[in-house]
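# Descriptive structure summary
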Amino acid sequence: MQRTSAIQSTSTVEPHIQYEDNYDGSSIWIVFRKMLFFTLLMTIAPLGSFFIAKDYIFQGIFHISSSSSYTYSAIVAVIVVHIVLISFLIVAFREDIPEKKKSIGPTKRSTGKQD
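Sequence order as written defines the numbering, with residues in each chain counted from 1. The predicted nature of this model means local features are confined to residues of pLDDT at least 70 and side-chain atom pairs, given and counted, to a pLDDT of 80 or more, with totals for whole chains, interfaces and linings taken over all residues. The basis for every side-chain value is the complete set of heavy atoms in the structure, and neither hydrogens nor water enter the calculation.

Under an unreviewed UniProt entry, the protein has the name Vacuolar ATPase assembly integral membrane protein VMA21 homolog and belongs to Adineta steineri. UniProt positions are given in the numbering used here, feature names are shortened, and annotations may be inferred rather than shown by experiment. Annotation of the protein in UniProt includes, under Sequence similarities (unreviewed entry), the sentence "Belongs to the VMA21 family." Check the Function (unreviewed entry) section of the UniProt entry for the protein; it says "Required for the assembly of the V0 complex of the vacuolar ATPase (V-ATPase) in the endoplasmic reticulum."

Below you can see the structure in the form of structure tokens.
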């Protein structure tokens, strides 16, 4: 009676999901547009919020002195920067992987123990 091993090496087992590459260029442009959007938002939003907060809110509505309004406006700009960064991270982590998944059957089955 010949005894064979029931354990197979991992090099003969292939994965059950095969990834197909999608190199048509559309996924690259989607990523580029998102990055361009957040880059522009990162430069325009803090500067805009700084000057709007300084001129219209702190000096216009609250009549705060010029030196204090600079400080408060800088705090508003820093908060806006953090909001943009957090929103970029949320969008980046929720991004779908553009690769298509295709299920395939197992290519090699285990024979198990033979008696």
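Counting from the N terminus, the helices are the DSSP runs of H or I reaching at least four residues and the strands are the DSSP runs of E reaching at least two. When helices and strands are counted, the protein shows two helices and two strands. Reading the protein from its N terminus to its C terminus gives the helix and strand order β-α-α-β. Note on definitions: a residue-residue contact is assigned when non-hydrogen atoms from the two residues lie within 4.5 Å. For the protein, contacts bridging at least 24 residues in sequence account for 79% of all contacts bridging at least 6. Surface accessibility follows the Shrake-Rupley procedure with a 1.4 Å probe radius. Residue values consider only the protein chains on display as shielding. Total accessible area computed for the protein in this model is approximately 9700 Å², and 65% of it derives from carbon and sulfur atoms.

What follows covers the UniProt feature "transmembrane region" (unreviewed entry) in the protein. Taken from the UniProt record, the annotation "transmembrane region" (unreviewed entry) applies to residues 35-52 and 72-93. Across residues 35-52, the secondary structure splits into 100% helix and 0% strand, with the terminal C-alpha atoms separated by 25 Å. Between the C-alpha atoms that bound residues 72-93 there is a distance of 32 Å. The span itself is 100% helix and 0% strand.

Glancing now at unusual backbone geometry. With a phi close to 50°, His 63 is a non-glycine residue in the positive phi region. Here His 63 is to be found in the loop between helix H1 (26-61) and helix H2 (66-93).

All right, on to the packing of aromatic side chains then. Only Phe, Tyr and Trp rings take part, Trp by its six-membered ring, and two of them pair if their centres are within 6.5 Å. Stacked means planes under 30 degrees apart, edge-to-face means over 60, and tilted covers everything else. The full count for this structure, using the stated rule, is seven aromatic pairs. Between Phe 38 and Phe 88, the aromatic rings sit 5.3 Å apart at their centres with planes inclined by 70°, giving edge-to-face as the arrangement. Here Phe 38, found in helix H1, pairs with Phe 88, found in helix H2; they are 50 residues apart in sequence, far enough to count as distant. Of the residues examined, Phe 38 reaches a relative accessible area of 10% and is grouped as buried. Using a 1.4 Å probe on the protein chains alone, a residue whose accessible area is under 20% of its type maximum counts as buried, one over 50% counts as exposed, and one in between counts as partly exposed. Note on Phe 88: relative accessible area 28%, which makes it partly exposed. A centroid spacing of 5.0 Å and a plane angle of 85° characterise the contact between Phe 50 and Phe 51, whose relative ring orientation is edge-to-face. Put simply, the rings of Phe 37, Phe 38 and Phe 88 pair up and form one aromatic cluster.

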